Amino acid sequence: MMILEGRKLNIEFNVIGSDPQAPASRIADKFYHNKDYKEFVDNCDIITPEFEHVDRRILEYAEKQGKLYPNTKSLDLKLERHREKIYLSDIGIPVADFYVAEDAASALTFSEKFEESIIKTSKGGYDGKGQFHKKKGDNPELPGDQFYVVEKFIPFDFEASIIVARTKDGRIFFNQPSYNYNQDGILLYNYAPCDDYGMREKASVLVEKLDYVGVMGIEFFIKDGKSIVNEFAPRVHNSGHHTLSGSTISQFEQHIRCVLDLPMHVPGLLAHSGIINILGREINDSLAVRILSIPGTLLYNYGKKPLPRRKVGHVNVTASSNEELLRRLLEVKRIIYPEEV
Ligand code: ATP
Ligand code: MG
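In this text the structure is predicted, and so the values were computed from the model without any measurement. Position numbers for residues start from 1 in each chain and track the written sequence from start to end. To label them, take the chains in the order written and letter them from A, then take the ligands in the order written and number them from 1. Thresholds applied to this predicted model are a pLDDT of at least 70 for local features of residues and 80 or more for the giving and counting of side-chain atom pairs; totals over whole chains, interfaces and linings are not thresholded and use all residues. Just so you know, side-chain values use all the structure's heavy atoms and leave hydrogens and water out.

K.L.:
I'm lost on the site of ligand 1 in this one. Help?
P.N.:
Nearness here has a simple test: a residue counts as near a molecule or strand if at least one of its heavy atoms is within 4 Å of that partner. Looking at ligand 1, there are 21 residues lining it, with Asp127, Gly128, Gln131, Glu159 and Glu231 nearest. Gln131 places a polar side-chain atom, nitrogen or oxygen, 2.7 Å from an oxygen atom of ligand 1. The separation between an oxygen atom of ligand 1 and a polar side-chain atom of Glu231 is 2.7 Å. Expressed as a share of its isolated accessible area of 610 Å², the protein-covered part of ligand 1 is 91%. The helix count covers DSSP runs of H or I at least four residues long, the strand count covers runs of E at least two residues long, and both are numbered beginning at the N terminus. Secondary structure elements with two or more residues in the shell around ligand 1: β4 (116–121), β6 (148–152), β11 (214–223) and β12 (226–233). Residue composition of the shell around ligand 1, by class: 6 nonpolar, 6 polar and 9 charged. When residues of the shell around ligand 1 are sorted by domain, at least three fall in each of domain 2 (97–152) and domain 3 (158–340). Polar contact is the term for a pair of N or O atoms within 3.5 Å; when the atoms are in protein, one must be able to donate a hydrogen and the other to accept it, and sequence-neighboring residues count only if both atoms are side-chain atoms. Calculation of accessible area relied on Shrake-Rupley with a 1.4 Å probe; when residues are assessed, cover is drawn exclusively from the protein chains displayed. Classification used: nonpolar for Ala, Val, Leu, Ile, Met, Phe, Trp, Tyr, Cys and Pro, charged for Asp, Glu, Lys and Arg, polar for all others including Gly. Where each domain starts and ends comes from a domain assignment, either automatic or drawn from a database.

This is the structure we're talking about:
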């Protein structure tokens with residue numbers, strides 16, 4: 001989606017990875033295999049990752065050449081959840097009470113300190129993978145000895161997130177925050193705008209401390225009108241896809257403008273706007289046509305194989321109020337997931 005948005009500005013995109021058939025690889029000007037990372041970096045002016053778990057050699061080589069945005073400091077925190085949690089609490093950002101466990105047995109011991117907890121593997125988790133929701137006294141089987149973060153379960157009123165952008169000279173811009181509805185640890189739908197609940201202030205502290213450049217997505221739990229940070233994503237984020245329809249500038253163009261030092265403007269709200277993810281479904285012609293026939297919807301089909309729970313596309317929906325938007329989102333949800341009605 002970054003490539004699609006950047007084409008408007010006639011920017012050339014090279015992609016590096018392990019799969020020349022991946023969605024971004026197929027629409028890039030040129031694809032490089034990870035092993036050719038030096039040639040890739042040498043041939044680019046600016047390097048920006050769209051996923052944290054990329055080959056380290058690319059990031060280090062790009063940073064040495066002064067081409068990497070955001071910096072490895074911000075990206076490294078995401079390789080191990082416990083480092084992210086410790087960093088956030090060290091800089092004074094409220095997070096759920098947590099313990100860091102160095103093996104499975106101590107993770108279970110720490111979790112007994114909470115009535116209800118979530119045990120998360122420190123490495124490799126996303127879309128709810130590697131997470132174990134546990135009540136005191138339960139004894140779930142954990143996937144072996146490794147680092148874990150044991151978090152207090154937060155009985156939040158709802159989840160929300162914000163897309164923040166920071167420029168090389170330290171100016172900060174926000175897209176409208178959104179209400180997020182997650183199911184089984186994965187975003188199902190969201191919609192904007194949403195009240196602030198202190199999100200902008202916390203986001204500013206985080207991007208400043210990290211000397212961050214580019215767009216960052218930050219997820220929050222909202223309880224009794226207050227926000228606590230769940231996690232951040234050092235890149236464009238699924239919860240910011242609503243900006244493709246609802247904002248005067250999308251998170252993708254915002255990110256491109258930041259890392260390329262192009263003029264920035266404050267994002268304006270064009271419409272009440274949300275998305276619903278298409279998870280693990282085949283987007284066949286019949287489904288596509290039914291979605292496209294609803295006024296105010298746009299379909300993004302990533303062209304991915306529909307593995308269980310995999311994000312294979314999303315639908316943007318707009319309306320003139322959040323109530324109308326939610327109604328339309330649920331209508332699209334019934335089309336995508338008819339068995340869940
Ligand atoms: P992502 O794909 O967003 O990176 P992830 O797998 O890294 O997800 P989290 O965002 O940490 O995991 O958790 C996924 C979801 O699980 C959260 O959005 C929330 O719904 C639930 N969750 C996680 N931690 C807690 C908690 N401490 N209390 C209550 N719910 C939680
Ligand atoms: Mg998350």
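K.L.:
Where do I start with the coordination of the magnesium ion (ligand 2) in this structure?
P.N.:
Working reference: metal with six octahedral donors, ideal angles 90 or 180 degrees; metal with four tetrahedral donors, ideal angle 109.5 degrees. Donor atoms are limited to N, O and S found within 2.8 Å of the metal ion, a distance that becomes 3.2 Å for Na, K and Ca. With water left out, some sites might look partial. Note on the magnesium ion (ligand 2): its protein donors are Glu219 (OE), Glu219 (OE) and Glu231 (OE). The metal-donor distances range over 2.0 to 2.7 Å. Separated by 12 residues along the polypeptide, Glu219 in strand β11 and Glu231 in strand β12 bring together distant segments of the chain. Exposure categories follow from relative accessible area, calculated using a 1.4 Å probe and restricted to protein chains: below 20% of the type maximum is buried, above 50% is exposed, and the middle band is partly exposed. A relative accessible area of 17% means that Glu219 is categorised as buried.

K.L.:
Just checking my understanding: could you explain unusual backbone geometry for this structure?
P.N.:
Phi is mostly negative for residues that are not glycine, and the peptide bonds are mostly trans. For the peptide bond that leads from Tyr69 to Pro70, omega is -5°, which places it in the cis range. The topology assignment puts Pro70 in the loop between α4 (56–64) and α5 (72–76). The residue after Ala192, namely Pro193, is reached through a cis peptide bond having omega 5°. By the element assignment, Pro193 lies in the loop between β10 (186–192) and α8 (199–209). Notably, Tyr197 is not glycine yet its phi reads approximately 50°, a positive angle. The topology assignment puts Tyr197 in the loop between β10 and α8. Here Asp261, not a glycine, exhibits a phi torsion of approximately 60°, which is positive. Classification of Asp261 by relative accessible area gives exposed; the value is 52%.

K.L.:
Can you help me understand the packing of aromatic side chains in this one?
P.N.:
When we look at a pair of aromatic rings, we describe it by the centre distance and by the angle of the planes. Ring pairs are drawn from Phe, Tyr and Trp, using the six-membered ring of Trp, whenever the two centres fall within 6.5 Å, and their geometry is named by plane angle: stacked under 30 degrees, edge-to-face over 60, tilted for the rest. Applying the stated rule across the entire model yields 9 aromatic pairs. Considering the side-chain rings of Tyr32 and Phe40, the 5.3 Å spacing of their centres and the 65° angle between planes classify their relative orientation as edge-to-face. No difference in accessibility class separates Tyr32 from Phe40, as the two residues are buried. Measuring from ring centre to ring centre gives 5.0 Å for Tyr181 and Tyr189, while their planes differ by 25°; the resulting arrangement is stacked. Among the aromatic residues, ring-to-ring pairing joins Phe158, Tyr179, Tyr191 and Tyr197 into one connected group.

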